[in-house]
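What the coordinates show
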Amino acid sequence: MAILRRILVLIPLTWLIVTLAFFLVRVAPGGPFDKERKSSSPQVEAAIKRKYHLDESLGSQYLRFLGLKWERTENGTLQRAEGGLIAGDFGLSLKYRNHSVSDIILQGLPVSLILGWLAFGFALGIGVPLGVFGAVRARGWVGGASAIVAIAMVCVPGFVIGPALVLVAGLKLGWFPVGLWGGPMHAVLPMVTLGLYFSGRVARLAREGMMQALQSEFIRTARAKGVSEFSVVVRHAFRLAIMPVVSYSGPMLADLLTGSFVVENIFQIPGIGVFLVNASLSRDYPMVVGLVLLYAVLLLVLNLIVDLAYGVLDPRVSHE
Amino acid sequence: MSDSNQEPIVSPRLSPGARAWRRFLDNRPATAAATFLLLLVVLSLAVPVLSPHASAEGSDAQFASPSFSHWWGTDIHGRDVMTRVFAGARLSFLVGAVGAGVSLVIGVCWGMVAGYAGGRLDGAMMRFVDVLYSLPSIVFVIVLITTLEDHLRGFLSHLSPQAGGVARMVFLFFGLGAVSWLTMARIVRGQVLSLRTRPFVLASRALGAGHARILFRHILPNVAGVVIVYLTLTVPGIILYESFLSYLGLGIQPPQASLGTLIAEGAAQINPIRTYWWLIAFPGGVLASALLALNLLGDGLRDALDPRLG
Amino acid sequence: MLLVSPNAPGTSPGAFCVSRATASAALALTFLLALVFVVGTGCTPRKPADLVIHNTSEPETIDPHVLTGQPDGRIGSALFEGLTRFNPETGRAIPGLAERWEVSADGRVYTFHLRPKIAFSTGEPISADDFVWSWNRAVDPLTAADYAGFYFYIRNGRAISNWTNGPAGRPTLGIRAVDPRTVEVTLENPTPFFPDLCAMRIMTVVPRFAVERYGDQWVRHSPLPCSGPYQLVSWRPNDRIRLKKNPLYWDAANVPSETIDVLSGDSPSTALNLFLTGEIDFIVDKTVIPTDLADTLKQRPEFHPYNYLGNYFVRFNCTRKPLDDARVRRALSLVIDKRRLVDRITRMGERPADALVPPGMEGYEGARGLGRNALDARTPAEFDAAMAANVVEAKRLLAEAGFPEGRGFPRLSYMFNAGGGGGARMHEQIGIEMQAMLQRHLGIAIDMRPVEYKTYLMEMSQRNYDICRGSWIGDYSDPTTFLDMFQSDNGNNRTGWRNAKYDTLLERAAATPDTRERARLLLEAETLLVRDEAPIMPLHYYVGMFAYDPERVGGIYPNLTDEHPFSAIYRKPRALKTAAAAGAAPATRK
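Residues numbered from 1 in each chain as written. Chains lettered and ligands numbered in written order. Predicted model: local features only at pLDDT ≥ 70, side-chain atom pairs only at ≥ 80, totals over all residues. Heavy atoms only, no water.

Another aspect to go through is the domain arrangement of chain C. All names here are of chain C. One can read the domain layout of chain C as domain 1 (1–78 + 228–281 + 548–590), domain 2 (81–219) and domain 3 (310–543). Facing the 10 residues of domain 2 at the interface are 12 residues of domain 3. Surface buried jointly by domain 2 and domain 3 totals about 840 Å² across both partners, of which 59% is contributed by carbon and sulfur atoms. By the criterion of area lost to domain 3, the three top residues of domain 2 are R92, P190 and F193, representing 43% of everything that side buries. Our count for the contact surface shared by domain 2 and domain 3 stands at 1 salt bridge. For the pair domain 2 and domain 3, the interface holds 2 residue pairs in polar contact (both at pLDDT 80 or more). Taken together, the residues of the side of domain 2 that touches domain 3 sort by class into 7 nonpolar, 1 polar and 2 charged. (Domains from an automatic or database assignment. Contact = heavy atoms within 4.5 Å. Buried area = accessible area lost by both parts, 1.4 Å probe. Salt bridge = Lys/Arg side-chain N within 4 Å of Asp/Glu carboxyl O. Polar contact = N/O pair within 3.5 Å; in protein donor to acceptor, adjacent residues only side chain to side chain. Nonpolar A, V, L, I, M, F, W, Y, C, P; charged D, E, K, R; others polar.)

As structure tokens, then:
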């Protein structure tokens with residue numbers, strides 16, 4: 001029941017987020033059709049605004065966006081304006097005027113999803129073992145070294161690691177393509193660039209979780225019962241240890257799956273990560289709202305999954 | 001309760017705080033890191049003042065490599081890189097501290113209360129975090145700066161004529177602060193969810209302890225480790241986010257510098273054609289070493305504050 | 001201190017189930033990943049194009065009448081053609097769909113003769129009526145074409161574009177079909193560059209049947225009927241546009257490349273890397289050539305700087321004190337060392353500017369603006385002397401305006417747009433150098449005010465700035481493409497500078513059939529603008545830069561109008577052979 005309620009709550013919550021985004025982006029100064037060159041005549045400018053209904057009041061635009069706007073047709077009958085959210089239509093992009101928002105998202109999302117999944121796998125695949133190992137061997141030099149590697153990954157930004165990887169593995173060694181999207185080889189450098197940053201964070205969180213788990217009462221009990229150290233770590237402590245990583249996974253995965261501005265820019269990859277930043281800057285209202293909706297749904301669903309995962313990993317977490 | 005695994009047996013007569021302090025002092029990497037950070041802070045305050053070159057002052061020596069007169073070389077305007085790096089470090093440390101402070105105060109409290117309360121309140125508080133997390137922060141900062149900056153600038157200029165840059169800074173901090181605490185709240189809440197049914201919490205509740213006492217005396221020490229680790233992750237994130245905002249024209253006002261913007265500019269030096277390595281190596285080195293020290297310090301603090309070692 | 005839980009959950013049998021579940025979940029995830037990856041990448045392999053061009057930003061639209069950006073325009077020219085087209089070598093008009101034309105004695109009536117048997121790529125013939133319809137579509141405000149101003153040279157063009165009173169009584173555009181192969185155009189004034197205008201995207205012929213059927217989104221319906229040398233195969237945003245030769249194009253025999261991939265991307269370093277590894281044959285725009293490296297790159301044989309019609313300048317807000325005083329504006333202009341800016345900051349080989357109209361326009365010598373003495377200097381000593389004299393003059397002007405030695409001068413700010421590509425860093429760098437120059441020579445302190453792009457446009461239009469960055473790219477080879485901008489009521493003026501004499505001079509020039517007299521009037525106007533009144537301070541004339549290996553690629557020529565039709569560009573046969581032999585391996589690294 002609790003889960004059903006959580007799922008139902010998603011709908012008004014998404015609506016709230018989208019509504020906030022709708023108005024927020026319209027409050028920002030300037031409009032989508034402000035250009036360095038003015039239109040040739042005021043009539044042209046007015047015509048553009050009218051085409052995209054930007055001449056209407058905010059309330060009317062909002063109703064139209066939702067798909068709840070009724071207009072009088074030429075023969076005098078009331079009719080619902082076409083499109084709108086309830087029809088699953090976000091409208092046309094105001095910057096890329098030959099594409100609808102859904103068209104752009106549908107073409108770019110698969111790319112971002114693939115890259116995001118790969119980077120997520122990379123981040124967990126590198127980060128979790130590194131962190132767990134670092135915690136188990138915390139006192140020795142191995143633990144220290146793994147901590148330093150993790151820290152190094154955290155503090156080198158993507159816009160440094162990306163070009164550096166391209167320079168070495170792409171240009172000097174010629175192992176990987178330096179950009180564009182195509183075969184599996186094209187995905188390697190972007191995946192590493194995107195994944196490294198997160199794997200450092202995952203490693204830090206996993207290490208912390210494991211250190212705590214190893215000191216917790218039931219692990220001591222297990223040790224006292226003579227369970228082998230390997231079994232203690234893998235079978236008992238691990239589930240507690242990845243709690244912080246799991247908490248972090250929700251926002252992390254939402255970020256990864258919706259693409260990265262920096263990585264898509266560096267590798268000239270046609271995902272949707274560049275669009276959110278560029279749409280905000282170019283005041284492409286429908287595009288911003290569409291992407292925020294996508295992101296919000298992803299985030300909310302992932303956080304729901306994370307909350308459910310808590311219960312699986314630690315039965316003491318209950319949802320009353 | 002004592003444990004055979006723990007070597008440093010500290011005199012039980014000392015207060016918990018004093019014992020934590022002693023444990024911290026015994027941790028050599030942590031004390032070294034603290035000293036190093038302190039040194040960096042002192043340098044960032046002193047170098048821009050003591051240097052023979054002002055941080056914004058150009059010269060004819062464009063892209064001079066490191067030499068006796070310019071230890072870390074010069075940039076496109078002939079400005080001394082060393083002076084700029086430390087002037088930038090000052091700003092970046094401030095940005096990092098503000099982000100960490102907001103994250104610590106709002107994020108930790110929010111997460112603790114939500115996790116501890118559970119149920120409806122938890123749901124509402126976390127959905128609020130989700131909403132803020134979903135909104136595009138760039139648009140938020142644009143709106144903030146453009147609608148309010150003129151007013152604040154006008155107000156501040158009554159106080160001092162050079163206050164223009166301060167107005168921008170206030171909004172920068174506001175914008176950074178607004179996004180820095182969200183993930184922290186999620187992580188803390190996740191930990192508290194699992195802690196609140198632990199025997200020691202149940203026991204103290206049975207003994208009649210109030211909610212505030214349980215939260216701050218029993219739960220907080222147990223999440224301190226994760227909080228400190230995530231704080232050390234927040235700081236680099238915030239410092240780099242500042243450089244992104246500045247790149248978009250929403251951040252600091254040139255010729256002011258920050259470590260983030262210096263590194264972002266220096267990243268262009270990673271190319272196959274020509275490299276002025278000092279433009280990326282020095283700001284990058286300072287940031288990396290500062291963050292490394294911060295993490296070591298964080299580990300030391302974490303160990304020192306660990307309630308199970310008390 | 002802590003209580004030990006007697007029933008620690010780790011020992012419960014459920015733990016095994018969970019870990020098994022986790023393991024299987026992990027396994028499933030891995031499979032899913034692999035599947036998604038194979039599906040996602042499996043559909044991408046395709047036949048490589050004959051030519052790969054990097055076209056900078058993603059086109060906003062490819063509707064030739066509506067598009068405004070340069071990247072859009074390059075695609076627009078490949079897909080659609082008008083009465084004339086651009087000569088790839090000179091960037092001036094040569095016969096396009098019209099094979100020849102005559103001009104009446106008064107220079108106001110042009111008669112164009114269409115080629116026989118011209119058709120859209122889908123087979124429908126193109127006749128004079130199609131031109132009449134297309135031009136009427138472009139000038140109609142409802143089409144919302146920003147560049148409708150090109151039609152203002154044609155009779156009634158301006159009136160139609162500004163028409164507010166409904167369809168009744170609206171004047172008709174000065175174009176008519178004399179017969180199916182003859183188009184007659186009547187102009188408002190004699191316009192010597194009119195054939196150049198006819199090559200612009202907004203004057204191309206578009207398929208009436210498609211536009212009427214599909215409306216605004218007609219370019220998205222496949223197959224797209226094209227009138228130019230290429231047709232559209234596919235279009236993936238932020239990735240590439242694939243073009244294929246239009247077999248029905250009248251000059252198809254002379255279009256060398258069968259297929260072209262036109263890539264979109266904003267990162268200069270990526271473009272450079274792709275070029276160096278041989279993935280791109282031609283970078284058409286300097287926006288994606290790293291400014292930081294421009295001085296080194298231009299020494300190499302693959303990088304080709306060239307001059308074109310562009311001006312980078314500074315706007316003064318003439319409605320704000322103390323910039324409303326021409327003496328103040330001239331004083332500020334005089335102390336800026338433009339040579340230093342181009343030598344140290346822009347570094348692509350730009351020419352420092354003292355006037356608005358770039359040099360090189362036929363029959364126009366260009367005005368001599370403030371600080372010309374320094375730009376004319378041939379030796380460093382001469383230059384220093386000229387600069388010193390200018391500083392003295394500037395101080396005198398400033399004192400006259402009431403600010404001796406800069407005392408009492410208010411703190412102004414310099415606004416520029418930050419973000420968005422390699423050029424934006426340069427705006428800041430130029431600002432910082434100017435800040436230092438004003439401080440050093442006049443004791444004036446200015447603040448830097450970086451704003452994001454849309455804020456910049458809005459603040460500039462509302463004149464909510466003191467001093468700001470500006471730039472302009474000329475559309476055709478005539479001074480008016482620059483000078484019109486600063487007429488009092490021109491929307492692109494944005495300085496608040498209103499000068500009746502300037503307006504009159506331009507109006508008189510527009511009505512003058514005698515080209516020498518016309519040039520003289522324009523020169524007088526420009527001199528007023530850049531020497532006496534100085535609402536703007538020109539900094540430099542733009543330089544463009546191509547990247548292509550001249551041994552592998554041909555058909556690319558520098559020209560002033562910056563028009564480089566794709567239909568002339570080709571990979572050289574030898575290079576084609578080696579590329580085929582080398583297969584997919586990264587080629588040519590120099």
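Taken together, the 79 residues of chain C in the interface contact 63 residues of chain A. Taken over both partners, the interface formed by chain C and chain A buries close to 6,400 Å², and the fraction arising from carbon and sulfur atoms is 56%. One can count 7 salt bridges joining chain C with chain A. Linking chain C to chain A there are 32 residue pairs in polar contact (both at pLDDT 80 or more). Within the residue set of the side of chain C that touches chain A, elements represented by two or more residues are α1 (14–42), β8 (230–236), α7 (268–276), α14 (453–461) and β16 (467–473) of chain C. Top element by residues in the side of chain C that touches chain A is α1 of chain C. It accounts for 9 residues. The residue makeup of the side of chain C that touches chain A, split by class, is 34 nonpolar, 27 polar and 18 charged. (Helix = DSSP H or I, 4+ residues; strand = E, 2+ residues; numbered from the N terminus.)

Right, let's talk about the interface of chain A and chain B for a bit. Contact with chain A, which involves 62 residues of that partner, is made by 59 residues of chain B. Here chain A packs against chain B, burying approximately 5,500 Å² in sum over the two surfaces, 66% of which is carbon and sulfur. The tally of links from chain A across to chain B stands at 5 salt bridges. The partner of R302 of chain B in a salt bridge is E208 of chain A, and the shortest N-O contact between them spans 3.1 Å. At the boundary of chain A with chain B, the tally comes to 10 residue pairs in polar contact (both at pLDDT 80 or more). At the level of secondary structure, the elements contributing two or more residues to the side of chain A that touches chain B comprise α1 (2–27), α5 (141–155), α6 (158–172), α7 (185–215), α8 (217–224), α10 (243–257), α12 (273–282) and α13 (285–313) of chain A. Its residues assigned to classes, the side of chain A that touches chain B comprises 42 nonpolar, 7 polar and 13 charged.

We now examine the sheet that holds strand β4 (residues 98–103) of chain C. Residue and element names in this part refer to chain C. As summarised here, the arrangement of the 4 strands in space is β4-β5-β7-β6, forming an open sheet in which the pairing is antiparallel. Of all strands in the sheet, those bounded by a partner on one side alone are β4 and β6 (175–179). Strand-to-strand twist in this sheet, taken as the mean axis angle between neighbours without regard to direction, amounts to 25°. Examined bridge by bridge, β6 and strand β7 (residues 182–186) share 4 bridges and lie antiparallel to one another. Counterpart to D179 in the pairing with β7 is T182. With respect to the sheet, helix α3 (residues 128–139) is in contact with β5 (109–114), β6 and β7, its orientation differing from that of β6 by roughly 175°. (Pairing = 2+ DSSP bridges. Axes fitted to C-alpha atoms, helices over the stretch in contact; angles between N-to-C directions.)

The next point concerns the side chain of N317 of chain C. Residue and element names in this part refer to chain C. Summarising the element assignment, N317 is placed in the loop between β12 (303–316) and α9 (326–334). Judged by relative accessible area, which is 0%, N317 ranks as buried. A distance of 2.6 Å separates polar atoms of two side chains, one belonging to N317 and the other to T319. A polar contact of 2.9 Å, which involves the side chain of N317, links it to the backbone oxygen of R463. (Buried < 20%, exposed > 50% of the residue type's maximum accessible area, 1.4 Å probe, protein only.)

Take the packing of aromatic side chains next. All names here are of chain B. Scanning all chains against the criterion turns up 48 aromatic pairs over all chains. An angle of 35° between the planes, with centres 5.4 Å apart, marks the rings of W110 and F128 as tilted. In this pair, W110 is assigned in helix α3 (residues 81–117) and F128 in helix α4 (residues 119–134), connecting sequence segments 18 residues apart. Judged by relative accessible area, which is 24%, W110 ranks as partly exposed. Classification of F128 as partly exposed rests on a relative accessible area of 40%. Pairwise contacts between aromatic rings join F63, W72, F86, Y276, W277, W278 and F282 into one cluster. (Phe/Tyr/Trp six-rings, centres within 6.5 Å; stacked < 30°, edge-to-face > 60°.)

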